[in-house]
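Spelled out, the chains give:
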Amino acid sequence: MSNIEFQPLIDVALSGELSDEQALALHRCDDTAALAAAAAQLRDRGFGNVVSYSRKVFIPLTQLCRDVCHYCTFAKTPKRIERAFLSVEEVLRQVREAEKLGCKEALFTLGEKPELRYRAAREALAEMGFATTLEYLAHVASRVRDETSVLPHINAGCMSDDEIAMLRPVSASMGIMLESAAERLCDKGMPHHGSPDKAPAARLATLRRAGEARVPFTSGILIGIGETRCERIESLLALRRVHREHGHLQEIIIQNFRAKQGTKMASAPEPDLDELLWTIAVARLIFGAQMSIQAPPNLSPGVLPQIVAAGINDWGGVSPVTPDFVNPEAPWPHVERLAKETALSGKYLHERLTIYPRYVRDGERWLDDAILPQLLRLVDGQGLPRTDGWLTGQVAAAPEQELRLLAKERPQASSVIADILRRAEAQQVLTEADIVRLFEARNDDFAAVCRAADTLRRQRCGDRVSYVVNRNINYTNVCYFKCQFCAFSKGKLSENLRGRPYDLSAEEIARRATEAWQRGATEVCMQGGIHPEYTGQTYLDILATLRGATPQMHVHAFSPLEVWQGAETLGLPLEDYLRQLKADGLHSLPGTAAEVLDDEVRAVLCPDKINTAQWLEVMETAHRVGLPTTATIMFGHVDGYHNWARHLLAIADLQRRSGGFTEFVPLPFVASESPIYLKGRARRGPTFRESILMHAVARLVFNGLIDNIQASWVKLGEAGVLACLNAGVNDLGGTLMNETITRAAGASHGEETSPEQMEWRITAAGRQPWQRNTLYGKADAQQVLRARHARALQQTVNDPASKYERSKRELIASS
């Protein structure tokens, strides 16, 4: 079939989806190069410049099998093995050794139902207290799940509904190779003769059961065992039909047959490279851009760049510990060698887990509650594994790889990233998909995004890095809202979290504000929990107390949630209440309580809090009455990159209308004491890469809208702040004096920093320090001098919370 004749089929695959009839027509197409070029184009749409692999340990739990596939050397008879099953202790020893080497997948491979054929299997199982191989498998996998950080992946062959249900809580994913849908391969003289579990109907039934049970599943075909090209396509279409029903197929493996000595097919011809490339390309054209297409690298040494060029995006599992027991003659390539060969194709090798990112991101649907917490501890916001030990709020060195990339002067961005960066630099509005792609940036793309952000920072702000001397006053940690992330607020009997419930008196508020002024502060930042006895009058009383104690202090206070609740309790329209707050001494609002401005996230994280529209309404109204505000995002918990993109777009959209945001402050989630993390329902916070990118991407999205991008030293630490200063940041926020919210969540970077420490950080980055006021004007000279000679802070007094809130209005005589 000529190129002209099949080009319309390629065009359909590139623009939509091939019908079964159109897909079958591809079996007459012999132009592998043209098919591969189209397949690579599709692959790049779905996976960009990343090719993934899983770092695994291979566990052959038993090599006994009731089937007799004519090409297999994995299956053994009882006389040819020392014992029927690996013991639990042997498995755990292997897994722990692999865990030390960074493995995150335990691949359980075993023969099918050996107890139905061999007495030795039945007796061994009975001695251990199990009736079937799969019962024993469930027990061993549960021990791996509970005693290591490695995720089990189970290849258990054909399974019933009950067996799948038994294995789902102990595995992150499962799989079964269809191999072929051609029934004739089970006929006498064919490779699957005498192997009841290789009947296509039986294997497809297992695939359907797995889909109904919501199990992330792996499957694929084995080529070169006597099937035709048409039969390969029929097999791929059978898999596509199952996937259409349930959406559970993570990947399609194209595995090439390798002849093995001692088998009936030892002399059978192996498929040549063209057959492998042709099949990979056709699989990509049939399944489209989003399906992972995999080819095992150890079965095709020396031609890996050609395989990448044919449309794969994944190499499958690679073990630094154990051999490929199914193909023992084909050793795994070293990961470093695999990365180099992948790079020859212009791709970047990145580790994944046994469960693919799109299923991780929807883990509540696809994973059992017994394994979801373990998975969440391992992943980033894209669903790929964390590959370093850096955690928000903890003292740790920055990952060397990211630091090397940040230092790269001329990173080579992919064409997609380069186009987005050009549009951001031209102040064009980026789409949600654009922003998601920026957050996915890794390797040179990561370096290019950060470099572009820092170039914009230099253009908009120069080399000056600002900070403000301020004091945080959190007047109460009593709160009747039930935000799942918050370790600061206290309800009844919540003393198991850091600190006891308190409610500051007016006198203590005034004392802290006065002390802050005497120590050189130009701002008090005030917010707290939503005490059940607080009303809108409470916040007005706090302003009166501050006005009496420190009339020249800038009051930066009250989150949009507090403002909303205050107006509601007084029965006032939002605008009227904000005008009253302003008249009584409020100068600006912090942009907290935003968390992530996407109700998809808020429904999980803070379901009883104000929603996205209400938060934005408070801010737009504040801007309208002349109250500037900041904007924040608290990220890295139950959110994903699309949620972050929506948040940034919502802020940018409002800024275009109102112009009232003075700065954007990313707040990486600190997990260690957070209730939602302790319950196993959230990630461990953003990775270092994600934390840096949030600042860099914000600079790009807000180009020409918000000039000031701030890094939180409390959450990022010294290493994080220094990195951010090379990725678009121009401000380091406040000295704080009393930081309690992040400390309550488990951070260890301190409660106060001094102007000298701030300026050391800035100078160390080769930049010029500048002490500002809240609204980015020059700080008062007298206050600058006081800040340089500040006395040590007095001990704070957190008045124990009582049944009723304490008055927040200090008596005139005492002020």
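First, a word on what this report is: a plain description of the structure on this page. This one's a predicted model, so the numbers in the text were calculated from it and none came from an experiment.

1. Here's the deal with the overall build of the chain
For step 1, the next point in the chain: When its secondary structure is counted, the chain shows 32 helices and 17 strands.
For step 2, the next point in the chain: Relative to its 815 residues, the chain shows a buried fraction of 62%.
For step 3, the next point in the chain: Of the contacts made within the chain by residues no fewer than 6 positions apart, 78% connect residues no fewer than 24 positions apart.
For step 4, the next point in the chain: One finds the centroid of the 95 positive side-chain charges in the chain at a distance of 2 Å from the centroid of its 100 negative side-chain charges.

2. Quick notes on the side chain of Glu 275
For step 1, the next point in the chain: By the element assignment, Glu 275 lies in helix H10 (residues 273-287).
For step 2, the next point in the chain: Dropping the residues within four chain positions of it, Glu 275 is found in contact with Ile 223, Arg 229 and Arg 232.

3. Regarding the sheet that holds strand S10 (residues 464-468)
For step 1, the next point in the chain: Spatially, the three strands line up as an open sheet ordered S16-S10-S17, and their pairing is parallel. Each edge of the sheet is formed by a strand with only one pairing partner; in this case those strands are strand S16 (731-734) and strand S17 (768-772). Averaged over all adjacent pairs, the angle separating strand axes in this sheet is 20°, with direction ignored.
For step 2, the next point in the chain: With two bridges connecting them, S10 and S16 associate as parallel partners. Each bridged residue has a counterpart across the sheet, and for Ser 466 the counterpart in S16 is Asp 731.

4. Some points on the nonpolar core
For step 1, the next point in the chain: Counting residues in hydrophobic clusters, the biggest one holds 126 residues, and the most contacted among them are Val 449, Phe 558, Leu 581, Trp 615 and Phe 702.
For step 2, the next point in the chain: At nine residues, the largest contribution of residues to this core is made by helix H28 (residues 688-701).
For step 3, the next point in the chain: Among the nonpolar cores identified, the runner-up in size contains 99 residues, and Ala 39, Val 51, Leu 167 and Val 215 belong to it.

5. Focus on the pattern of salt bridges
For step 1, the next point in the chain: Counted by the stated rule, this structure contains 62 salt bridges.
For step 2, the next point in the chain: As a salt-bridge pair, Arg 83 and Glu 82 come within 3.5 Å of each other at their nearest N and O atoms.
For step 3, the next point in the chain: Look at Arg 83 and you get partly exposed, because its relative accessible area is 41%.
For step 4, the next point in the chain: By relative accessible area, which is 78% here, Glu 82 ends up exposed.
For step 5, the next point in the chain: Linking Arg 168 and Asp 368 is a salt bridge whose minimum nitrogen-to-oxygen distance equals 3.9 Å. Here Arg 168, found in the loop between helix H7 (161-167) and strand S4 (173-175), pairs with Asp 368, found in the loop between helix H14 (363-366) and helix H15 (372-376); they are 200 residues apart in sequence, far enough to count as distant.

6. A look at the packing of aromatic side chains
For step 1, the next point in the chain: What the rule picks out here adds up to 14 aromatic pairs.
For step 2, the next point in the chain: Taking the centre distance of 4.9 Å and the plane angle of 45° together, the rings of Tyr 641 and Trp 644 count as tilted. Of this pair, Tyr 641 and Trp 644 both sit in helix H26 (residues 641-658), three residues apart, roughly one helical turn.
For step 3, the next point in the chain: One aromatic cluster is present, formed by Phe 439, Phe 635, Tyr 641 and Trp 644 through successive ring pairs.
For step 4, the next point in the chain: Lying over the aromatic face of Trp 278, Arg 229 brings its terminal NZ or CZ to 4.2 Å of the ring centre.
For step 5, the next point in the chain: A cation over a ring is seen here: Arg 772 above Tyr 776, with NZ or CZ 4.0 Å from the ring centre.

7. With respect to the sheet that holds strand S11 (residues 470-473)
For step 1, the next point in the chain: As summarised here, the arrangement of the three strands in space is S11-S12-S13, forming an open sheet in which the pairing is parallel. Strands with a single pairing partner mark the edges of an open sheet, and in this sheet they are S11 and strand S13 (554-557). Averaged over all pairs of adjacent strands, the angle between their axes in this sheet comes to 20°, without regard to strand direction.
For step 2, the next point in the chain: Note that S11 and strand S12 (residues 523-526) share four bridges and pair parallel. Bridge pairing in S12 places Asn 470 opposite Glu 523.

8. Quick look at the pairing of S13
For step 1, the next point in the chain: Of the two faces of S13, both are covered, the one formed by His 554 and His 556 as well as the one formed by Val 555 and Ala 557.
For step 2, the next point in the chain: The pairing of S12 with S13 spans four bridges and is classified as parallel. Bridge pairing in S13 links Glu 523 to His 554.
For step 3, the next point in the chain: The handedness of the S12 to S13 crossover, carried by helix H21 (residues 536-549), is right-handed.

9. Description of unusual backbone geometry
For step 1, the next point in the chain: The phi dihedral of Ala 593 falls on the positive side, at around 65°, and the residue is not glycine.
For step 2, the next point in the chain: By the element assignment, Ala 593 lies in the loop between helix H23 (574-583) and helix H24 (599-605).
For step 3, the next point in the chain: Classification of Ala 593 as buried rests on a relative accessible area of 8%.
For step 4, the next point in the chain: Phi is positive for Glu 595, which is not a glycine, with a value near 50°.
For step 5, the next point in the chain: Relative to the helices and strands, Glu 595 resides in the loop between H23 and H24.
For step 6, the next point in the chain: Overall, the relative accessible area of 7% leaves Glu 595 in the buried class.

Quick notes on the rules
- Sequence order as written defines residue numbering, which begins from 1 separately in each chain.
- Totals for whole chains, interfaces and linings use all residues, but because this is a predicted model, local features are given only for residues with pLDDT of at least 70 and pairs of side-chain atoms are given and counted only at 80 or more.
- Here the side-chain values reflect all heavy atoms present in the structure, with hydrogen atoms and water set aside.
- Where helices and strands are cited, they refer to DSSP runs of H or I of at least four residues and of E of at least two residues respectively, numbered from the N terminus.
- When accessible area is computed with a 1.4 Å probe and restricted to protein chains, residues below 20% of their type maximum are described as buried, those above 50% as exposed, and intermediate ones as partly exposed.
- Contacts were defined at the residue level, with two residues in contact if any of their heavy atoms lie within 4.5 Å.
- His is not counted here, nor are the chain ends, while Lys and Arg score as positive and Asp and Glu score as negative.
- Here the site of a charge means NZ on Lys, CZ on Arg, CG on Asp, or CD on Glu.
- At least two bridges found by DSSP between two strands are what make those strands a pair.
- Note on method: axes are straight lines fitted to C-alpha atoms, helices fitted across the in-contact stretch only, with angles between N-to-C directions ranging 0 to 180 degrees.
- What we call a nonpolar core is a set of buried Ala, Val, Leu, Ile, Met, Phe, Trp, Tyr and Cys residues that are connected through their side-chain atoms within 4.5 Å.
- A carboxyl oxygen of Asp or Glu within 4 Å of a side-chain nitrogen of Lys or Arg is what we treat as a salt bridge.
- Whether two aromatic rings pair depends on their centres lying within 6.5 Å, for rings of Phe, Tyr and Trp, where Trp uses its six-membered ring; planes under 30 degrees apart make the pair stacked, over 60 edge-to-face, and the rest tilted.
- Here, over-ring charges are defined by two tests on the NZ atom of lysine or the CZ atom of arginine: distance to the ring centre within 6 Å, and angle to the ring normal within 35 degrees.
- Call a crossover right-handed when, viewed with both strands pointing away from you, the route from the first strand across the helix to the second goes clockwise.

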